Amino acid sequence: MRKKVVILGSTGSIGTSALKVARDIPERMEVIGLAAHRSHEALTQQAAETGVRHVCLTDPEAASQFRAPSGTTLHEDNDGLVELATLPEADLVLIAIVGVQGLRPALAAIEAGKDIAVASKEILVAAGEAVMTAAKRKGVRILPVDSEHNAIFQCLEGRDSREVSRLILTASGGPFRTLPAAELANVTVEKALKHPTWEMGRKITIDSATLFNKGLEMIEARWLFDVEMERVEVIVHPQSIVHSMVEFIDGSVLAQLSTTDMCFPIQYAVTWPERVPNTLAPLDFAALARLDFEAPRVDDFPALRLARRAGELGGTLPAVLNAANEIAVEAFLGKRLSFPAIWETVAAVMAAHENIAHPVLDEILAADQWARDTAALVIAETPP
Ligand code: MG
């Protein structure tokens, strides 16, 4: 089957990989809608290349500069994202927008009966319970694009979560995996932006360095695969070849491996439940020679414990962790905060939060905004 796919966040790192997949397997994937924030020039090019009839720019300034090719409708604003996510002809909506902005279109797509492919962590971190409940009610699929969750999804193949003893997320460990704890305070923005194995956006690269990325992924996994946090573990695997593993109750472990290219999980989300050939680089085991594993440094990188706690308590706390982290990362990138102060800021905001159980979308968005404001106050009081 050739799937008609809408890509929200088409000019970012995941979006451009998704367009690469569409070029690689055109008999399986047709792109019918593209949305970006403000990269109107890149969007113009993508629209011309794909011939889509619907595009969206959420930034009004960028929208005013966009020259739509004839036959293409420009949608604007956050409403535009919802319009694209619910296009009647769409089979699958890929959500690859950074931040909670992807939440409303994700829920709208589910309500419209569309399967969604999730690359934005916020959707399952901040609203995992609401999203999974809505998906179950509407009978739609949530297909994970994050490499770890896509790996687990492949290992599980629809098995019941009662057969799972542990989900084991692999982490590269980031650029400071072996850095002595005492030196973490002197980490610079430039060093933190050098990821050892994956090429990604700035925010997620810093998250990989603090291990908040893995913390967010623990929470995502908890909702996506319906297991308690107790059964979600992290192991450091510096080569990023094993993308994650599942240990079943009989002690057998299944793992998914591939070269580090996001096109693999994107393609699987699009062609699932089938597999089709492509032009991606295969693994060369002899060249790899070895795969290493080591325990994460939970005492030196507090992100994992903070995330475990947020995932255990649920409610609005995961949204708060996520939003506080976003503001702290921005402050670190702006050289306003030290590297360890990212964790400290998140911990302080979480401690000040009054948690709401089983939140609806508006409560989640309110908690997100509260956490942003509170994080800004905490940062203002942090000595530079
Ligand atoms: Mg990941």
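The preceding data block contains the structure.
One numbering rule holds for all chains: residues counted from 1, following each sequence as written. Local features in this predicted model are restricted to residues of pLDDT 70 or higher, and side-chain atom pairs are both shown and tallied only at a pLDDT of 80 or more, whereas totals for entire chains, interfaces and linings draw on every residue. In computing side-chain properties, one takes all heavy atoms of the structure into account and sets aside hydrogens as well as water.

Asks: Got a minute to help me understand the pattern of salt bridges in this structure?
Replies: We count a salt bridge whenever a side-chain nitrogen from Lys or Arg sits within 4 Å of a carboxyl oxygen from Asp or Glu. Enumeration over the complete set of coordinates arrives at 23 salt bridges. Arg-166 serves as the salt-bridge partner of Glu-247, at 2.7 Å between the closest nitrogen and oxygen. Residue Glu-247 is found in strand β10 (residues 242–248), and its partner Arg-166 is found in strand β8 (residues 164–171); the two are separated by 81 residues along the sequence. Partly exposed residues are those whose accessible area sits between 20% and 50% of the maximum for their type, while under 20% is buried and over 50% is exposed, using a 1.4 Å probe and protein chains only. Judged by its relative accessible area of 27%, Arg-166 falls in the partly exposed class. Helix and strand assignments come from DSSP, with helices taken as H or I runs of at least 4 residues and strands as E runs of at least 2, each series counted from the N terminus.

Asks: Help me out: how do you make sense of the coordination of the magnesium ion in this one?
Replies: In an ideal tetrahedron of four donors about a metal, each angle is 109.5 degrees. In an ideal octahedron of six donors, the angles are 90 or 180 degrees. Water is absent from the atoms considered, so a metal site may look incomplete; donors are defined as N, O and S atoms within 2.8 Å of the metal, or 3.2 Å for Na, K and Ca. On the protein side, the magnesium ion has Asp-146 (OD), Glu-148 (OE) and Glu-217 (OE) as donor atoms, found 2.1 to 2.3 Å from it. Read N to C, the donor residues that coordinate the magnesium ion are spaced as D-x1-E-x68-E. Taken as a pair, Glu-148 in helix α7 (residues 147–156) and Glu-217 in helix α10 (residues 212–224) lie far apart in primary sequence, 69 residues in all. Owing to a relative accessible area of 1%, Glu-217 belongs among the buried residues under this scheme.

Asks: Whenever I open this one, the environment of Arg-162 confuses me. Can you help?
Replies: If you trace the backbone, Arg-162 turns up in the loop between α7 and β8. Each C-alpha atom, one on Arg-162 and one on Phe-248, is 8.9 Å from the other, the two residues being 86 residues apart in sequence. In this structure, Arg-162 is in contact with Arg-231 and Ile-249, ignoring residues within four places of it in sequence. The contact rule is simple, with two residues in contact once any of their heavy atoms fall within 4.5 Å.

Asks: How do you make sense of a nonpolar patch on the surface when you look at a structure like this?
Replies: Patch building starts from residues that exceed 30% relative accessible area and form no salt bridge, then joins like charges within 9 Å and nonpolar side chains (Val, Leu, Ile, Met, Phe, Trp, Tyr) within 5 Å. Throughout, the Shrake-Rupley method with a 1.4 Å probe supplies accessible areas, and for residues the shown protein chains are the sole cover considered. Among the surface-exposed residues, Leu-257, Phe-285, Leu-291 and Phe-293 lie close enough to one another that they form a single nonpolar patch of about 340 Å² accessible area. With respect to the element layout, Leu-291 can be found in the loop between α12 (285–288) and α13 (303–313). In this structure Leu-291 comes out as partly exposed when scored by relative accessible area, which is 31%.

Asks: What exactly am I supposed to notice about α10 here?
Replies: Residue pairs three or four apart in sequence face the same way in an α-helix, which turns once every 3.6 residues. Each helix should span, by expectation, one fewer than its residue count multiplied by 1.5 Å. Compared with the 18 Å implied by 1.5 Å per residue over 13 residues, the 18 Å span of α10 between its first and last C-alpha is a close match. Counting buried positions along α10 gives 13 out of 13 residues, so the element sits mostly inside the fold. Where α10 ends, the next residue or the one after it, Asp-226, has phi of about 55 degrees, a positive value.

Asks: Just to check I follow, could you spell out the pairing of strand β5 (residues 92–95) for this structure?
Replies: Judged by which residues are buried, β5 turns out to be covered on both faces: Leu-92 and Leu-94 on one side and Val-93 and Ile-95 on the other are all buried. Of the pairings in the sheet, the one linking strand β1 (residues 3–8) to β5 comprises four bridges and is parallel in character. Within the sheet, the bridge partner assigned to Val-6 lies in β5 and is Val-93. Any two strands with at least two DSSP-identified bridges between them are counted as paired. Across four bridges, the pairing between β5 and strand β6 (residues 115–118) is parallel. Residue pairing across strands places Leu-94 opposite Ala-117, the latter belonging to β6.

Asks: Which parts of the structure should I look at to understand helix α9 (residues 202–210)?
Replies: The element α9 is extensively covered by neighbouring structure, given that seven of its nine residues are classed as buried. Inspection of α9 places Lys-203, Thr-205, Ile-206, Asp-207, Ser-208, Ala-209 and Thr-210 among the buried residues, and these make up the whole buried set. Taken from the residues just after α9, Leu-211 is the one with a positive phi, measuring 75 degrees.

Asks: Please explain the packing of aromatic side chains as it appears in this structure.
Replies: The geometry of an aromatic ring pair is captured by the separation of the ring centres together with the interplanar angle, meaning the angle of the planes. A pair of aromatic rings is counted whenever rings of Phe, Tyr or Trp (Trp by its six-membered ring) have centres within 6.5 Å, and the orientation is called stacked for planes under 30 degrees apart, edge-to-face for over 60 and tilted otherwise. Summed over all chains, the structure comprises six aromatic pairs. Both rings, one in Phe-153 and one in Tyr-268, keep their centres 6.2 Å apart while their planes meet at 70 degrees; by these two values the pair is edge-to-face. Placement of Phe-153 in helix α7 and of Tyr-268 in helix α11 (residues 263–271) is noted, with a sequence separation of 115 residues between them. Each member of the pair, Phe-153 together with Tyr-268, is buried. Here the aromatic rings of Phe-301 and Trp-343 are separated by 5.6 Å at their centres, their planes lie at 70 degrees, and the arrangement is edge-to-face. Taken together, the residues Phe-301 in the loop between α12 and α13 and Trp-343 in helix α15 (residues 339–352) connect sequence positions 42 residues apart.

Asks: Mind showing me how you'd approach the nonpolar core here?
Replies: One recurring pattern in soluble globular proteins: nonpolar side chains tend to sit buried together. By convention a nonpolar core is built from buried Ala, Val, Leu, Ile, Met, Phe, Trp, Tyr and Cys residues, the set being connected through side-chain atoms within 4.5 Å. Grouped together as the largest cluster of nonpolar side chains are 128 residues, with contacts concentrated most on Leu-8 and Met-29. When residues of this core are assigned to their parent elements, the largest contribution, twelve residues, is made by helix α14 (residues 317–333). Once you skip the residues sitting within four places of it in the chain, Leu-8 turns out to touch Ala-35, Leu-81, Leu-84, Ala-85, Val-93, Leu-94, Ile-95, Ala-96, Ile-97 and Pro-105.

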